[in-house]
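The lines below spell out each chain.
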Amino acid sequence: MKTLRALLILGRVSNLPTVWSNCLAGWFLGWGNFDLNTLRTPGFALLILASTMFYIAGMFLNDAFDADWDRTHRTERPIPSGAIESRTVWWLGIAGLAIGMGITGCLGNATAITGLLLMNCILIYNFIHKHTAWSVLFMGGCRALLILLAGAMAYAESGRKLPFLLSEDAGAVTWAAVAMATYVIGLSCMARAESKPAAVDWWPALLMISPVIPAILVYDGKLRDNALLLCAVLALWVFRNLRFAFAMNPRQVGKAVGGWLAGIVIVDMLAVASAPPRLGCVFLALFILALLLQKKVPAT
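Quantities reported herein were computed from a predicted structural model and do not represent experimental measurements.

K.L.:
So what's going on with the overall build of the chain? Which residues, and what values?
P.N.:
Looking only at helices and strands, one finds 14 helices and zero strands in the chain. What you see in the chain, going N to C, is helices and strands ordered as α-α-α-α-α-α-α-α-α-α-α-α-α-α. Taking 300 residues into account, the globule formula puts the C-alpha radius of gyration at 19 Å, and the chain, at 19 Å, falls close to it. A total of 300 residues make up the chain; the buried ones form 52% of that total. Sequence separation of at least 24 residues holds for 75% of the intrachain contacts in the chain that already meet a minimum separation of 6.

The following block contains the structure:
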């Protein structure tokens with residue numbers, strides 16, 4: 001049980017619903033004439049498996065790279081506490097990346113290239129994130145590439161012949177990926193203050209609400225009403241969690257970051273405001289699941 005608990009903490013499994021949410025949004029946008037039955041295809045199952053492997057592997061390697069730093073600053077983490085050996089974490093992380101790359105590499109040129117970019121983005125982030133604040137760009141890039149991967153896999157699964165990058169659907173997927181990257185960059189800037197005594201900056205919150213801009217510009221008619229409602233929900237959620245980082249004494253940046261991580265699902269919902277109500281219920285379930293899992297396994 002101790003080892004299982006360590007693995008769950010290392011993999012930050014409470015954030016997996018947000019990974020699946022990214023996949024769902026990218027799949028919806030990449031498929032084009034979407035139908036809920038497409039979620040039953042082997043391609044979608046492979047997407048979920050590959051993305052799960054990429055995420056868990058990235059989180060394992062995050063602790064593996066940070067083991068020396070954690071021995072000084074976060075002795076409760078699984079490696080410095082002795083719950084699991086560093087060598088084991090390295091091997092599990094590498095194996096997870098290999099599985100994710102193996103799946104995406106077999107499904108076409110677009111998915112292979114996107115999977116390769118995602119794997120390298122994960123590795124670069126883990127290698128530099130303790131050394132430079134600019135590493136947040138790679139964290140945002142990981143989430144953006146995950147959405148692009150989902151869109152490319154959905155497009156390939158739909159059987160259309162035109163290359164994905166030349167299709168109209170690629171534009172919608174790209175907008176969603178950029179919006180997600182911006183949100184995650186803002187979130188990551190906030191998260192860097194979790195282990196530092198310095199004051200928390202407020203400006204990353206502007207990045208986190210920036211996805212409302214493309215949504216307002218893109219949607220019109222009845223869809224615009226749905227988008228505006230989700231824009232309000234996102235803004236309220238972002239500012240609701242700000243109080244943990246600013247208004248509490250002592251401040252609770254970790255709790256704020258956990259809430260913002262769950263908010264990734266709201267950003268995905270905003271990207272697919274045209275989705276049928278039943279799909280919206282799936283996003284809502286993922287949002288609730290992320291919050292529930294955070295009560296058992298830390299999100300950061």
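Having put the structure on the table, let's press on.
K.L.:
With reference to specific residues and values, describe the state of the cysteines.
P.N.:
Applying the stated rule across the entire model yields zero disulfides. There is no disulfide at Cys 23, and the cysteine sulfur nearest it, in Cys 142, is 13 Å away. The thiol sulfur of Cys 189 is not disulfide-bonded, and the nearest other cysteine sulfur, from Cys 142, lies at 15 Å.

K.L.:
Summarise the nonpolar core; cite the residues concerned and give the values.
P.N.:
Counting residues in hydrophobic clusters, the biggest one holds 96 residues, and the most contacted among them are Tyr 183 and Trp 260. Looking at this core, the element that brings in the most residues is helix α7 (residues 136-157), giving twelve residues. When near neighbours in sequence (up to four residues on either side) are disregarded, Trp 260 contacts Tyr 183, Leu 187, Met 190, Met 208, Trp 237, Val 238, Asn 241 and Leu 242.

K.L.:
So what's going on with the environment of Met 153? Residues and values would help.
P.N.:
Tracing the backbone shows Met 153 in helix α7. Once the C-alpha coordinates of Met 153 and Phe 239 are considered, the two residues, 86 residues apart in sequence, prove to be 34 Å apart.

K.L.:
So what's going on with the packing of aromatic side chains? Which residues, and what values?
P.N.:
For the coordinates displayed, the defined rule picks out five aromatic pairs. A centroid spacing of 4.9 Å and a plane angle of 65 degrees characterise the contact between Phe 65 and Trp 90, whose relative ring orientation is edge-to-face. Placement of the pair is Phe 65 in helix α3 (residues 42-65) and Trp 90 in helix α5 (residues 86-105), with a sequence separation of 25 residues.

K.L.:
Which residues make up unusual backbone geometry, and what are the values?
P.N.:
Its identity is not glycine, yet Arg 12 carries a phi of approximately 45 degrees, on the positive side. Relative to the assigned elements, Arg 12 resides in the loop between α1 (2-10) and α2 (16-31).

K.L.:
An account of the side chain of Ser 188 is requested, with residue identities and associated values reported.
P.N.:
By the element assignment, Ser 188 lies in helix α8 (residues 168-191). Residue Ser 188 is classed as buried on the basis of its relative accessible area, which comes to 9%. Discounting residues that sit within four places of it in the chain, Ser 188 has contacts with Val 136 and Met 139.

K.L.:
Let's hear about a nonpolar patch on the surface: which residues, and what values?
P.N.:
Side chains of Phe 65, Trp 90, Trp 91, Ile 94, Leu 123 and Phe 127 sit close together on the surface and give an oily, nonpolar patch of about 610 Å² of accessible area. Among the secondary structure elements, those contributing two or more residues to the nonpolar patch are α5 and α6 (109-128). Among the elements that make up the nonpolar patch, the one with the highest residue count is α5 (three residues). For Trp 90, a relative accessible area of 31% corresponds to the partly exposed category.

K.L.:
Tell me about the packing of α3 against α5, residues and numbers included.
P.N.:
Axis separation between α3 and α5 bottoms out at 8 Å; the angle between their running directions is 155 degrees. With respect to α5, the element α3 is oriented roughly antiparallel. Once α3 is placed against α5, the crossing between them reads as left-handed. Counted together, Leu 46, Leu 49, Ala 50, Met 53, Phe 54, Ala 57, Phe 60, Leu 61, Ala 64 and Phe 65 of α3 and Val 89, Trp 90, Leu 92, Gly 93, Ile 94, Gly 96, Leu 97, Ile 99, Gly 100, Met 101, Ile 103 and Thr 104 of α5 form the full contact between these two elements. Per-class residue counts for the contact of α3 with α5 are 18 nonpolar, four polar and no charged.

K.L.:
Outline the environment of Ile 94, supporting the account with residue identities and numerical values.
P.N.:
For Ile 94, the position within the fold is in helix α5. Its relative accessible area of 44% is what places Ile 94 among the partly exposed residues. Measuring from C-alpha to C-alpha, the distance between Ile 94 and Ala 176 comes to 29 Å, with 82 residues separating the pair along the chain.

K.L.:
Go over the side chain of Asn 126, please, and point to the residues and values.
P.N.:
Inspection of the secondary structure assignment puts Asn 126 in helix α6. Among the polar contacts listed, one links the side chain of Asn 126 to the backbone oxygen of Gly 58, at a separation of 3.1 Å. Within the structure, Asn 126 has its side chain in polar contact with the side chain of Asn 62 (distance 3.0 Å). If sequence neighbours within four positions are ignored, Asn 126 has contacts with Gly 58, Leu 61, Asn 62 and Phe 65.

K.L.:
Tell me about the packing of α2 against α7, and name the residues and values.
P.N.:
For any two helices packed against each other, the geometry is given by the interaxial angle and the distance between the axes. Interaxial distance between α2 and α7 falls to 7 Å at its minimum, and their mutual angle equals 45 degrees. Between α2 and α7, the angle falls in the class oblique. The handedness of the crossing between α2 and α7 comes out as right-handed. For the pair formed by α2 and α7, the contact residues are Thr 18, Val 19, Asn 22, Cys 23, Gly 26, Trp 27, Gly 30 and Trp 31 on the first element and Arg 143, Leu 146, Ile 147, Ala 150, Gly 151, Met 153, Ala 154, Tyr 155 and Glu 157 on the second.

Cut-off values and rules
- Residues numbered from 1 in each chain as written.
- Predicted model: local features only at pLDDT ≥ 70, side-chain atom pairs only at ≥ 80, totals over all residues.
- Heavy atoms only, no water.
- Helix = DSSP H or I, 4+ residues; strand = E, 2+ residues; numbered from the N terminus.
- Rg over C-alpha atoms; globule rule 2.2 N^0.38 Å.
- Buried < 20%, exposed > 50% of the residue type's maximum accessible area, 1.4 Å probe, protein only.
- Contact = heavy atoms within 4.5 Å.
- Disulfide = S-S within 2.5 Å.
- Core = buried A, V, L, I, M, F, W, Y, C linked by side-chain atoms within 4.5 Å.
- Phe/Tyr/Trp six-rings, centres within 6.5 Å; stacked < 30°, edge-to-face > 60°.
- Patch = residues over 30% accessible without salt bridge, like charges linked within 9 Å, V, L, I, M, F, W, Y side chains within 5 Å.
- Areas by Shrake-Rupley, 256 points an atom, 1.4 Å probe, with all protein chains shown as cover.
- Salt bridge = Lys/Arg side-chain N within 4 Å of Asp/Glu carboxyl O.
- Axes fitted to C-alpha atoms, helices over the stretch in contact; angles between N-to-C directions.
- Parallel < 35°, antiparallel > 145°, perpendicular 65-115°, else oblique.
- Left-handed = near helix turned anticlockwise from the far one by under 90°.
- Nonpolar A, V, L, I, M, F, W, Y, C, P; charged D, E, K, R; others polar.
- Polar contact = N/O pair within 3.5 Å; in protein donor to acceptor, adjacent residues only side chain to side chain.

Keep in mind these numbers describe shape, not what the thing actually does.
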